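Residue-level structure breakdown
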Amino acid sequence: MIKVNLLDSVTDRAKGVAAVEQKVANPQMQTLLLALVVFGLLAAGMLYDYYSSSSARDAQQAEKAEQERIQAQMVAVNKERTDLEKKTADIQARIDAIQRLRESQQGPGTVLREIKTRFDSVPGLYLKSVEQKGSELVIKGESPNEAAVTNFAKSLEFSSGLFNNLSIETQREEVKADKGSNNAAPAEEDKDAPKPEVVTFTIKCTYTPASPTPAAAPAQGAPGQAAAPANQVAQK
């Protein structure tokens with residue numbers, strides 16, 4: 001039969017619990033346990049701060065990269081917009097220049113038609129050139145006599161204000177014979193024969209295509225009420 005001493009077991013157990021309580025109640029052990037708890041909490045806080053800081057830094061770097069990409073796109077867009085504005089301004093300046101030119105200048109076809117209408121009314125004239133610089137016109141040609149030049153100048157002068165400030169220069173020149181013609185030799189042999197002459201003229205005037213007032217138009221167009229010609233025929 002087996003015998004168990006329960007009193008000894010209870011006594012031994014009591015001694016073990018008392019030993020643990022004694023150790024826990026020891027101030028040095030309490031300080032050690034507190035130090036371990038504080039160290040553990042500090043380590044956990046440091047790890048949390050490290051991981052949170054790393055996550056925040058990565059997020060900031062990603063946001064910074066995104067902002068730099070957006071800023072680069074904005075710079076490119078602003079540059080393109082500046083280029084487009086400059087091109088638009090250049091195109092608008094050209095359009096304005098063309099419009100001002102069209103408003104301030106009549107086409108050469110209109111001037112030539114006006115000159116041709118008056119030129120055809122005087123027979124015997126030969127038109128050599130018409131030069132226009134702004135509103136200034138220079139008409140050069142030839143005529144068999146000065147009367148035809150005077151009639152042509154009068155037709156320009158009495159044009160309801162279309163041609164103004166006329167000045168005429170004329171000069172008599174000998175007609176040069178054509179070297180290829182067969183009649184040149186007899187003309188050179190006869191020294192006493194009169195040499196044919198032609199009158200070259202240069203007319204300078206101002207072309208102002210402004211329509212006259214209704215009251216002034218009949219006064220300028222009436223031949224009986226016309227003033228004396230302002231142009232002078234100068235022979236050289």
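In this text, all values refer to a predicted model and were calculated from it rather than measured experimentally.

With that settled, the discussion passes to the overall build of the protein. Counting its regular elements, the protein contains 6 helices and 5 strands. Reading the protein from its N end, one meets helices and strands in the order α-α-α-β-β-α-β-α-β-α-β. When the 236 residues of the protein are sorted by exposure, 16% land in the buried category. Total accessible area on the protein stands at roughly 18500 Å², and carbon and sulfur atoms take up 57% of it.

Taking 1.5 Å per residue, 12 residues should reach 16 Å; helix α4 (residues 146-157) reaches 16 Å between its end C-alpha atoms and fits that length. Turning to α4, its buried residues are E146, A148, V149, F152, A153, S155, L156 and E157. Between the side-chain oxygen at the start of α4 and the backbone nitrogen of A147 there is a gap of 3.3 Å, and the oxygen is on N145.

Quick look at the pairing of strand β1 (residues 126-133) now. Two faces make up the sheet, and in a regular strand the side chains alternate between them. For β1 and strand β2 (residues 136-143), the ladder comprises 7 bridges, and the chain directions are antiparallel. If you follow E131 over to β2, its bridge partner there is V138. In sequence, β1 turns back onto β2 through a hairpin of 2 residues, with G134 there showing a positive phi of about 70°.

Before going further, it helps to spend a moment on the pattern of salt bridges. All chains considered together, the criterion is met by 5 salt bridges. When the shortest N-O distance is used, the salt bridge between R118 and E114 registers 3.0 Å. Residue R118 and its partner E114 are both found in helix α3 (residues 108-120); the two are separated by 4 residues, about one turn of the helix. Residue D120 pairs with K116 through a salt bridge whose shortest N-O separation is 2.8 Å. Placement of the pair is D120 and K116 together in helix α3, with a separation of 4 residues, close to one helical turn.

Nonpolar side chains in soluble globular proteins tend to be buried together. F152, F163 and I203 are the most contacted members of the largest nonpolar core, which totals 21 residues. Mapped by element, the contributors of at least two residues to this core are α3, β2, α4, β3 (163-174) and β4 (197-207).

The next thing to look at is the packing of aromatic side chains. The relation between two aromatic rings is expressed through the spacing of the ring centres and the mutual angle of the planes. Within the structure shown, the criterion is met by 4 aromatic pairs. When the ring of Y50 is compared with that of Y51, the centres are 5.5 Å apart and the planes differ by 70°; the resulting orientation is edge-to-face. For the pair F163 and Y207, a centre-to-centre distance of 5.5 Å together with 45° between the ring planes defines the contact as tilted. Taken together, the positions of F163 in strand β3 and Y207 in strand β4 put the pair 44 residues apart, joining distant regions of the chain. The class for Y207 is buried, based on a relative accessible area of 4%. Ring-pair connections join several aromatic residues into one group, and the members of that group are F119, F152 and F201.

The phi torsion of most residues other than glycine is negative, and most of the peptide bonds are trans. Despite not being glycine, N165 shows a phi value in the positive range, around 55°. Tracing the backbone through its elements, the reader meets N165 in strand β3. Its relative accessible area of 64% is what places N165 among the exposed residues.

This brings us to the confidence of the model for the protein. Residues at a pLDDT of 70 or more form 67% of the protein, whose mean pLDDT is 75. Ignoring residues within four places in sequence, the model shows residues 211-236, a span with pLDDT below 50, making 29 contacts including any to other chains.

Attention now moves to the side chain of T202. Here T202 lies in strand β4. Once you skip the residues sitting within four places of it in the chain, T202 turns out to touch V138, I139, K140, S167, I168 and E169.

Quick look at a nonpolar patch on the surface now. Taken together, the side chains of M29, L32, L33 and L36 present a nonpolar region at the surface, about 360 Å² in accessible area. Among the secondary structure elements, M29 is positioned in helix α2 (residues 27-104). What makes M29 partly exposed here is its relative accessible area of 32%.

The rules behind these values
Residues numbered from 1 in each chain as written. Predicted model: local features only at pLDDT ≥ 70, side-chain atom pairs only at ≥ 80, totals over all residues. Heavy atoms only, no water. Helix = DSSP H or I, 4+ residues; strand = E, 2+ residues; numbered from the N terminus. Buried < 20%, exposed > 50% of the residue type's maximum accessible area, 1.4 Å probe, protein only. Areas by Shrake-Rupley, 256 points an atom, 1.4 Å probe, with all protein chains shown as cover. Expected span 1.5 Å × (residues − 1). Polar contact = N/O pair within 3.5 Å; in protein donor to acceptor, adjacent residues only side chain to side chain. Pairing = 2+ DSSP bridges. Salt bridge = Lys/Arg side-chain N within 4 Å of Asp/Glu carboxyl O. Core = buried A, V, L, I, M, F, W, Y, C linked by side-chain atoms within 4.5 Å. Phe/Tyr/Trp six-rings, centres within 6.5 Å; stacked < 30°, edge-to-face > 60°. pLDDT = per-residue confidence, 0-100. Contact = heavy atoms within 4.5 Å. Patch = residues over 30% accessible without salt bridge, like charges linked within 9 Å, V, L, I, M, F, W, Y side chains within 5 Å.

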